[in-house]
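Now for the letters of each chain:
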Amino acid sequence: MVVGDRGPQAKLVGLLLLLALLVGACLPGPLGDSASRGGAPIPVAALTPRPSPTGRGVGGEGAATAPAPSPPAAPVETAPAASPSVELAPTSTRATDQSSLSIGMSTPTPSVSMPVPAPTASSVVPTGAATVAAPTGRAEFSATRASRHVIELSATIGSRAAGTLGERRAADYLGSQFAAFGYDVERDPFSFRRLEDIGSSVAVPSLARSPLAATALVGSPAARIEAELVSVGLARAADVAGKNLAGKIALIRRGEITFSEKVENVARAGAIGALVFNSVPDPFVGRLQGESRIPALAISGRDGERIAAELTRGTVRATIDAQVEEVERRSENVVARWPVQATDGRGPTVVVGAHFDSVAAGPGANDNASGTAVLLEVARVLAVERRATAVTFVAFGAEEFGLIGSGHYVQARGPSVLANARLMLNLDMVGVGDDMRIGATSPEARRRAVSAIALARELGVTAAIFEARGDSDHTPFAAAGVPAIFITWLPDPQYHTAGDTADRVQSRNLEVTGRAALRLIREALVPAGRGGDGAWVWTTKGTKATKGAKG
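Criteria and thresholds
- Residues numbered from 1 in each chain as written.
- Predicted model: local features only at pLDDT ≥ 70, side-chain atom pairs only at ≥ 80, totals over all residues.
- Heavy atoms only, no water.
- Helix = DSSP H or I, 4+ residues; strand = E, 2+ residues; numbered from the N terminus.
- Contact = heavy atoms within 4.5 Å.
- Salt bridge = Lys/Arg side-chain N within 4 Å of Asp/Glu carboxyl O.
- Buried < 20%, exposed > 50% of the residue type's maximum accessible area, 1.4 Å probe, protein only.
- Core = buried A, V, L, I, M, F, W, Y, C linked by side-chain atoms within 4.5 Å.
- pLDDT = per-residue confidence, 0-100.
- Polar contact = N/O pair within 3.5 Å; in protein donor to acceptor, adjacent residues only side chain to side chain.
- Axes fitted to C-alpha atoms, helices over the stretch in contact; angles between N-to-C directions.
- Parallel < 35°, antiparallel > 145°, perpendicular 65-115°, else oblique.
- Left-handed = near helix turned anticlockwise from the far one by under 90°.
- Right-handed = clockwise from strand over helix to strand, strands pointing away.
- Pairing = 2+ DSSP bridges.
- Nonpolar A, V, L, I, M, F, W, Y, C, P; charged D, E, K, R; others polar.

## With respect to the overall build of the chain
In terms of regular secondary structure, the chain is built from eleven helices and 20 strands. A fraction of 80% describes how many contacts in the chain between residues 6 or more apart in sequence connect residues 24 or more apart.

Here is the structure:
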């Protein structure tokens, strides 16, 4: 519709209204352009999550844009003046052997940087949850937020075996969460070759239902053998002693010692094959430190008990058919750093890590969506507190195939960078069990771990220090001379099975682990003065921060 001329006064009024609108558009508030102020949520790249069983998505918490708090006079959450007595626990042995480093098997590929939009205090990653503004000042660890990450990784995304779409979707999710908290994110890809099962089986003619489903332990050679079965219990040295295993197949119960030790014990006694059955009715997936000299298969606890019962009635023969082939896979690490670190990747750092891949057999809620979830929540807290300038967060890929991701990370960084890593904190399987274990790889790590033991006891949890061995991602760092601490909880008979689901993960475990991790990190950091922008710079104890770095 065309509007006629209403005279000079009308024109003047119109010009004044237009001017008011133009001025309003340039000011913050309802008339301002929210997109230009970074207020829009950060999208999850290439991630289309399925609905969560609980009806809740997982929303990333806001980025750290709050004013930097005044630095404490002393590190936060220090241990009590009188050091508590420290219980020395037996060496932790997870039922599946995870001490194979296999650094030489990985083929490093160039790192890929992922551009990150500037975050705001209200930025979140939209995966179904409502937008929640980041708190300001000192943040508290939230087990609720961590639990939502567990659900997203294990229920919405599901199995995250290395090299699969599930693992890539999990990497997308992690990258977007770190970005929403304000970190720069690096997607660090690598490739590796491994022996994998392609259809192994076990035939026991005396059983009504045979052949039985089986999976070759990672590291088992391909072979087909027929022989008499002999039960050797847990296959400890004492269990094998006196057994006639020459030319026979050992039937072994899962538990207490690693698969590598079990298989090596029976092979040394003359066995030509090993059949390991689960300690619970379900099937499972396991791996060895390296390649074994005899074929070794895993079967369900249900089938193993049937065979054990058959052996009580007389001689039982079996044919084990280990079918494996060497395949090449690709995985990646997701690395998060504050945009301008006090270390800039070269100075003193604390490295906090957790692997985000799972076995193919299950959703991996405890192993290790739980550790990854705590990693994310710790990163959020430190971002809000502006303490992240000397901390590097790494979500490792392909841990389940032999610590491939952490091995690649250590190898690619080289000794010059690792020499500045004052502490590596590894979180693996922290959501299930009543026995909290804190592993240490050196006297310095043990000294630091005492503080986490004290905090656990303050929270009513019994914890013990143990000598951390090569069963998780701290191992490559320890081998490179970096003091490492490994937090885990025991027992969990469902890990590496389809029963490793989010409903079993305990909020209490996540809470205690997160608070212990934060205490260890905070005590490793000290305020080192203000940077060029007036924000406080944090560095590790006994070192200098780079001048002018932002906090």
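## Points about the pattern of salt bridges
By the definition in use, this model includes 25 salt bridges. The salt bridge partner of Arg306 is Asp303, with a shortest N-O separation of 3.1 Å. One end of the pair, Arg306, and the other, Asp303, are both in helix H6 (residues 301–311), three residues apart, so they sit about a helical turn from each other. Asp303 matches Arg306 in its accessibility class, with the two residues each being buried. Across the salt bridge formed by Arg387 and Glu385, the nearest N and O atoms sit 3.1 Å from each other. Residue Arg387 shares its accessibility class with Glu385, and that shared class is buried. What emerges from the salt-bridge pattern is a single network uniting Glu186, Asp188, Arg337 and Arg413.

## Notes on the nonpolar core
If you look at the biggest cluster of nonpolar residues, it comprises 69 residues, and the most contacted ones within it are Phe178, Tyr183, Phe393, Met436 and Ile487. Looking at this core element by element, the count peaks at twelve residues for helix H7 (residues 365–384). Listed in part, the 21 residues of the second largest apolar core include Leu251, Phe277, Ala318 and Ile320.

## Details of the confidence of the model for the chain
Looking at the chain as a whole, the pLDDT averages 76, with 69% of positions reaching at least 70. Per-element confidence in the chain is highest for helix H2 (residues 143–157), whose mean pLDDT is 98, and lowest for strand E2 (residues 112–114), whose mean pLDDT is 35. Counting interchain partners and residues more than four positions distant, the pLDDT-below-50 stretch residues 1–13 has one contact. This model gives residues 528–538 a pLDDT under 50, and the stretch forms 41 contacts once residues within four places in sequence are excluded.

## Some thoughts on the environment of Arg253
Mapped onto the elements of the fold, Arg253 is located in strand E8 (residues 249–253). Looking at Arg253, the relative accessible area reads 29%, which means it is partly exposed. The sequence separation of Arg253 and Gly301 amounts to 48 residues, and the corresponding C-alpha distance is 8.3 Å. Beyond its immediate sequence surroundings of up to four residues, Arg253 is in contact with Gly233, Leu234, Lys262, Phe277 and Glu305. Polar contacts involving the side chain of Arg253 include one to the side chain of Glu305, which spans 3.0 Å.

## Regarding the environment of Ile485
On the secondary structure map, Ile485 appears in strand E18 (residues 484–490). Along the chain, Ile485 and Glu444 lie 41 residues apart, while their C-alpha atoms are 9.8 Å from each other. For Ile485, the contacting residues outside a window of four places in its chain are Leu423, Met424, Leu425, Asn426, Ile438, Gly439, Ala445, Arg448, Ala449 and Leu520.

## As for the packing of H2 against H7
Between H2 and H7, whose axes approach to 8 Å, the crossing angle comes to 135 degrees. In terms of axis orientation, H2 runs oblique to H7. Where H2 crosses over H7, the two elements pack in a sense that is right-handed. Within the contact between the two elements, H2 uses Arg145, Ala146, His149, Val150, Leu153 and Ser154 and H7 uses Ala365, Ala369, Ser370, Thr372, Ala373, Leu376, Glu377 and Arg380.

## Some words on the side chain of Ser154
Here Ser154 shows up in helix H2. A residue is classified by how much of its surface remains accessible, and Ser154, at 5% relative accessible area, is buried. From its side chain, Ser154 meets the backbone oxygen of Val150 in a polar contact 2.6 Å long. Discounting residues that sit within four places of it in the chain, Ser154 has contacts with Arg160, Pro363, Gly364, Ala365, Ala369 and Ala502.

## Looking at the pairing of strand E9 (residues 273–277)
Counting buried residues along E9, five of its five residues qualify, which places the element largely inside the surrounding structure. Taking every second residue as pointing to the same face, both faces of E9 are buried, with Gly273, Leu275 and Phe277 on one and Ala274 and Val276 on the other. Handedness of the E8-helix H5 (residues 259–268)-E9 crossover: right-handed. Here four bridges tie E9 to strand E10 (residues 296–299), and the two strands are oriented parallel to one another.

## A few points about the environment of Ser206
The topology assignment puts Ser206 in the loop between strand E4 (201–203) and strand E5 (212–213). On the basis of relative accessibility, which here comes to 41%, the residue Ser206 falls in the partly exposed class. The spacing of Ser206 and Arg317 is 111 residues in sequence and 7.9 Å in space, taken between C-alpha atoms. Beyond its immediate sequence surroundings of up to four residues, Ser206 is in contact with Glu310 and Val316. Within the structure, Ser206 has its side chain in polar contact with the side chain of Glu310 (distance 3.4 Å).

## Quick look at the packing of H2 against helix H11 (residues 507–524)
Orientation of H2 relative to H11, taken along the N-to-C sense of each, is 115 degrees, at an axis distance of 9 Å. Between H2 and H11, the angle falls in the class roughly perpendicular. Here the hand of the crossing between H2 and H11 comes out right-handed. Of the residues in H11, those in contact with Ala143, Ala146, Ser147 and Val150 of H2 are Ser507, Leu510 and Glu511. In terms of residue class, the contact of H2 with H11 is made up of four nonpolar, two polar and one charged.

## Here we look at the pairing of strand E12 (residues 324–337)
Direction of pairing for strand E3 (residues 184–197) relative to E12: antiparallel, over a ladder of 14 bridges. By the bridge assignment for E12, Glu196 is matched with Glu325. With three bridges connecting them, E12 and strand E14 (residues 391–396) associate as antiparallel partners. In the sheet register, Val335 faces E14, and the bridge partner there is Val394.

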